[in-house]
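# Coordinate inspection notes
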Amino acid sequence: MSGEHNNASTEAIRLLKRAGRWQIWEFALWLVAIAAIFVLPSQMLILTEIAILALFAISLDLILGYAGIVSLGHTAFFGLGAYAAGLFAVHVSSEPIVGLLAAALVSGLFGFLTSFLVLRGSDLTRLMTTFGVAMLLAEVVNQAAWLTGGADGLSGVMLNPILGYFEFDLWGRTSYIYCLIVLVVLTYVARRIVNSPFGLSLKAIKRNQRRASMLGISPTRRIVAIYTISAAYAGIAGALLTQTTSFVSPDVLAFHRSAEVLLVLVIGGVGYLYGGVFGAVLFSILRNWLSVITPQYWMFWIGLVLIIIVLVGRERLTRWQALLPGSARNRQARMQHAVAEESK
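Residues numbered from 1 in each chain as written. Predicted model: local features only at pLDDT ≥ 70, side-chain atom pairs only at ≥ 80, totals over all residues. Heavy atoms only, no water.

## Describing the overall build of the protein
Across its full length, the protein holds 16 helices and zero strands. By the burial criterion, 49% of the 344 residues in the protein qualify as buried. In the protein, the share of contacts with a sequence separation of at least 24, taken over all contacts with a separation of at least 6, comes to 78%. Total accessible area computed for the protein in this model is approximately 17,500 Å², and 67% of it derives from carbon and sulfur atoms. (Helix = DSSP H or I, 4+ residues; strand = E, 2+ residues; numbered from the N terminus. Buried < 20%, exposed > 50% of the residue type's maximum accessible area, 1.4 Å probe, protein only. Contact = heavy atoms within 4.5 Å. Areas by Shrake-Rupley, 256 points an atom, 1.4 Å probe, with all protein chains shown as cover.)

Laid out in structure tokens, this is it:
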């Protein structure tokens, strides 16, 4: 019995290490993103927008896809990070990297404080709670015109060159490279988190919180931890938006941003991080293309795409994931089997 237990533990550790390795298709994806700098020089602004949206979607996927926390107010952390970066640049320092860290700290702290509100209740309660937090924060920003600029927004956000060398240009080249580097680094960190024992414990909590507690897993601590990390990620995404546009307004806290990022994950898929990246690319391409063809009705077509996804089924549309080398779906099945054997 002891031998079987040790074998199961060894197999689980081996699969976790293997899951943490970058696959060939991931390298290919990032190489395509880098090649876009030279192939699509006139599309830098759109590509920057996609990179920011992808990071925002990854932040939501950390709590939705891995911990099962549904949120309608994730824009609260996005907007808070945006304003934190803007205010930091205006009143403290114009160094972009330091402003990014400050935004992550502020949003992460706010996420930690509000995480205790989502620990209790059902999914519907969590939806309303997160939505309420976002509404309250939006109203605070709107009323505190002396600090945030109110409905007119915060202007005059001037930034120094990144690390003192790379100055933001009008064509958005530096902005895209900057956002892409941040996206790659944070995606790497997120992969290490979800492909770890901590990430497996989150999946256990998502499936059955009571059973996870019986196995010695503390749902409270892990939910608070991943919620805080997710908030910091969203804050960094908001900070990138402020830094690349030199402006921030209450629109960053609008409800449509929470709905938009949820739609991105519906299109790309939840629970494997790259769903946020693929979803952001597809959503942005569809939105820009449809808004040119039918400027007044592009939201109708986006809604139609969403209905088709629901009717056809997520499983049928994402079967291609199983064809990728080192498929996350196959790895997950093997890891779950190994963990099940270990718990016997």
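This is not the end of the story, as more comes after the structure.
## Focus: the side chain of Ser258
By the secondary structure assignment, Ser258 is in helix H12 (residues 255-268). Within the structure, the side chain of Ser258 is placed 3.5 Å from the backbone nitrogen of His74, a separation counted as a polar contact. With near-sequence residues (within four places) excluded, Ser258 lies in contact with Leu72, Gly73, His74 and Thr75. (Polar contact = N/O pair within 3.5 Å; in protein donor to acceptor, adjacent residues only side chain to side chain.)

## Some remarks on the nonpolar core
The biggest cluster of nonpolar side chains holds 92 residues, and the ones touching the most others in it are Leu55, Tyr176, Val182, Ile236, Leu240 and Val252. Ignoring anything within four residues of it in the chain, the contact list for Val252 reads Thr75, Phe78, Gly79, Ala82, Tyr83, Leu241 and Arg257. (Core = buried A, V, L, I, M, F, W, Y, C linked by side-chain atoms within 4.5 Å.)

## Quick notes on the packing of aromatic side chains
Applying the stated criterion to the full structure yields 11 aromatic pairs. An angle of 75 degrees between the planes, with centres 5.4 Å apart, marks the rings of Phe131 and Phe255 as edge-to-face. With Phe131 in helix H6 (residues 123-143) and Phe255 in helix H12, the pair connects residues that are 124 residues apart, well separated along the chain. On the basis of relative accessible area, Phe131 is assigned to the partly exposed category, the value being 26%. The partly exposed category is assigned to Phe255, whose relative accessible area is 40%. Between the aromatic rings of Phe168 and Tyr178, the centroid separation amounts to 5.9 Å while the plane-to-plane angle is 75 degrees, which identifies the pairing as edge-to-face. Of this pair, Phe168 sits in the loop between helix H7 (145-148) and helix H8 (173-194) while Tyr178 sits in helix H8, and the two are 10 residues apart along the sequence. For Tyr178, a relative accessible area of 6% puts it in the buried group. Every member of this aromatic cluster is reached through a ring pair, and the members are Trp25, Trp30, Tyr274 and Phe278. (Phe/Tyr/Trp six-rings, centres within 6.5 Å; stacked < 30°, edge-to-face > 60°.)

## As for the packing of helix H3 (residues 44-64) against helix H13 (residues 274-293)
Here H3 crosses H13 at 135 degrees, and the two axes come no closer than 8 Å. Classified by the angle between their axes, H3 and H13 sit oblique to one another. Crossing geometry of H3 relative to H13 is assigned as right-handed. Facing Ile46, Glu49, Ile50, Leu53, Ala54, Ala57 and Ile58 of H3, the residues of H13 in contact are Gly276, Val277, Ala280, Val281, Phe283, Ser284, Arg287 and Asn288. By residue class, the composition of the contact of H3 with H13 is 10 nonpolar, three polar and two charged. (Axes fitted to C-alpha atoms, helices over the stretch in contact; angles between N-to-C directions. Parallel < 35°, antiparallel > 145°, perpendicular 65-115°, else oblique. Left-handed = near helix turned anticlockwise from the far one by under 90°. Nonpolar A, V, L, I, M, F, W, Y, C, P; charged D, E, K, R; others polar.)

## Brief notes about the environment of Val266
Within the fold, Val266 resides in helix H12. The spatial distance from the C-alpha of Val266 to the C-alpha of Gly279 is 7.6 Å, given a sequence separation of 13 residues.

## A look at the confidence of the model for the protein
Looking at the protein as a whole, its pLDDT mean stands at 83, while 85% of the residues score no less than 70. With pLDDT under 50 throughout, residues 325-330 is counted as low confidence; its partners more than four residues away or in other chains account for 10 contacts. (pLDDT = per-residue confidence, 0-100.)

## Side note on helix H2 (residues 24-39)
An ideal rise of 1.5 Å per residue puts 22 Å on 16 residues; H2 measures up with 22 Å between its terminal C-alpha atoms. Here the buried face of H2 lies against H3, H8 and H13. (Expected span 1.5 Å × (residues − 1).)

## Some details on the pattern of salt bridges
Taken as a whole and judged by the stated rule, the model has four salt bridges. Put simply, Arg191 and Glu26 hold a salt bridge, and the shortest N to O gap is 2.8 Å. Linking Arg191 in helix H8 with Glu26 in helix H2, this pair joins segments that are 165 residues apart in sequence. Glu26 shares its class with Arg191; the two are buried. The residue Asp251 makes a salt bridge to Arg257 at a minimum N-O spacing of 2.9 Å. Connected through salt bridges with shared partners, the residues Glu49, Glu260 and Arg287 form a single ionic network. (Salt bridge = Lys/Arg side-chain N within 4 Å of Asp/Glu carboxyl O.)

## Here we look at unusual backbone geometry
Its identity as a non-glycine residue notwithstanding, Ser246 has a phi of 60 degrees, on the positive side. Tracing the backbone shows Ser246 in the loop between helix H11 (219-245) and H12. The phi dihedral of Leu273 is positive, around 65 degrees, even though this residue is not glycine. For Leu273, the position within the fold is in the loop between H12 and H13. Under the relative-accessibility criterion, Leu273 is labelled buried at 3%.

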